[in-house]
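# Structure at a glance
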Amino acid sequence: MTVNDSKVQIQKTATVRSVVPLSLKQQQKLEVHLHKIIGEKITVVYEIDRKILGGFTVRLEDWFLDASLALDLQKIKEILA
Amino acid sequence: MEKLGIQPIPLLLQGINFLILLLILKKYLYKPILTALAERKKKIEEGLEYSQKTKAEFEKSEKKGEEILSRARSEGQKIIEEAKRVSKKKEAELIEKAEKQAQEIVAKARQENEVLKEELEKDLKREAIEMAERIVERVIKESLTESAHKALIDRKIKEVARESIK
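Okay, so let's go over this structure. Residue positions are given per chain, counting from 1 as you read along its sequence in written order. Chains carry letters and ligands carry numbers; both start at the beginning, A for chains and 1 for ligands, and go up in the order they are written. For a predicted model such as this one, the threshold for reporting local features is a pLDDT of at least 70, and the threshold for listing and counting side-chain atom pairs is 80 or more; totals across whole chains, interfaces and linings nevertheless cover every residue.

### Some details on the overall build of chain A
Counting secondary structure elements, chain A contains two helices and four strands. For chain A, the α and β elements follow one another from N to C terminus as β-α-β-β-β-α. In chain A, which comprises 81 residues, the share counted as buried stands at 22%. Counted over contacts in chain A with a minimum sequence separation of 6, partners at least 24 positions apart contribute 57%. Going along the chain from the N terminus, every DSSP run of H or I of four or more residues is numbered as a helix, and every run of E of two or more is numbered as a strand. Exposure is read from a count of other C-beta atoms within 10 Å of each residue's own; the residue is exposed at 12 or fewer, buried at 20 or more and partly exposed in between. C-beta atoms are placed from the backbone. In this description, any two residues whose backbone-derived C-beta atoms lie within 7 Å of each other are considered to be in contact.

Quick look at the structure:
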């Protein structure tokens, strides 16, 4: 009987939300950059969310990246107020 | 004398009678009359003296009364002048106070108006921004095509890439 001592690594899952689905090319590009930012391999799931108006958001546990049109609109609103 | 019809003896007797009558009259009639006249004269003199004394006292009292009246008039005039002076001073004070209060009210009203104006402007601005936000959201939802969304996602990925390099 042999014992397989290879390490089992549990990957973290990030959720990407967008108004329209990302193309495969877009998904690949985004995942490469997310890996660089986070510094480790992650699993990414994609969801549709019309509330963000455009662009996308990424949530990984407590970390959150907002690249949405809703945020751009909010910034414009704060400048005008 | 007899040729003239004058008889000496009866004439002498008449003279004696006259003297006797004169003495009687002097003793019993003239003396009381003179005494009564003297008393009457004395009373009249006393009356005159009293009258003059009374007149002098009356004049004195009248003079004194005029002095009192004059003094009273003078005092009254002084009181009136003082009252007028106090009244004018009070009036000036009241006017000054009223003007000050009016100025304060106007200043307060201006300040309140300014605050109200600012609040109104803020409300209007906020409402305009919210309205613009709703319009923009609707335009984005209704007008952006899938290809436009994808182009936007591309641009956002590039921004994320720039952030990852930093």
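### Here's the deal with helix α1 (residues 24-38) of chain A
What sets the pattern is the α-helix's 3.6 residues per turn: residues three or four places apart point alike. Residues and elements named next belong to chain A. Expected helix span is computed as 1.5 Å times (number of residues minus one). The end-to-end C-alpha separation of α1 is 21 Å, in line with the 21 Å expected for 15 residues at 1.5 Å each. Of all the residues in α1, the buried ones are L30, H33 and L34. Burial along α1 is one-sided: seen end-on, the buried residues are contained in an arc of 105°. Facing away from the buried side of α1, by more than 90 degrees, are the exposed residues L24, K25 and Q28. One or two steps after α1, the chain reaches G39, where phi turns positive at roughly 90°. Here the arc refers to the set of directions running from the helix axis out to each C-beta atom.

### Considerations on the pairing of strand β1 (residues 12-18) of chain A
All names here are of chain A. Being paired, for any two strands, means DSSP has found at least two bridges between them. Bridge count between β1 and strand β2 (residues 42-48): seven bridges; the pairing is parallel. Residue pairing in the sheet places V16 in a bridge with Y46 of β2. Looking down the strands as they point away from you, a crossover is right-handed if its path from the first strand over the helix to the second goes clockwise. Crossover handedness for the path β1 to α1 to β2: right-handed. Sheet analysis places β1 next to strand β3 (residues 55-60), joined by four bridges and oriented antiparallel. By the bridge assignment, T15 is partnered in β3 with R59.

### Details of the environment of B:E133
With respect to the helices, strands and loops of the structure, B:E133 is situated in helix α1 (residues 8-143). Aside from chain neighbours lying at most four places away, what touches B:E133 is A:L73 and A:K77.

### Looking at the sheet that holds β1(A)
Residue and element names in this part refer to chain A. Taken in spatial order, the four strands line up as β2-β1-β3-β4 in an open sheet, and their pairing is mixed. The sheet is open, and its two borders are formed by β2 and β4 (63-68), each paired with just one other strand. Strand-to-strand twist in this sheet, taken as the mean axis angle between neighbours without regard to direction, amounts to 15°. In this sheet, β4 lies alongside β3 in antiparallel orientation, the contact comprising six bridges. From the neighbouring strand, L60 faces β4, where its bridge partner is W63. Helix axes use the C-alpha atoms of the stretch in contact, all axes being lines fitted to C-alpha atoms, and the angles between their N-to-C directions lie in the range 0 to 180 degrees. Packing of α1 onto the sheet brings it into contact with β1, β2 and β3, and relative to β2 it is tilted by some 130°.

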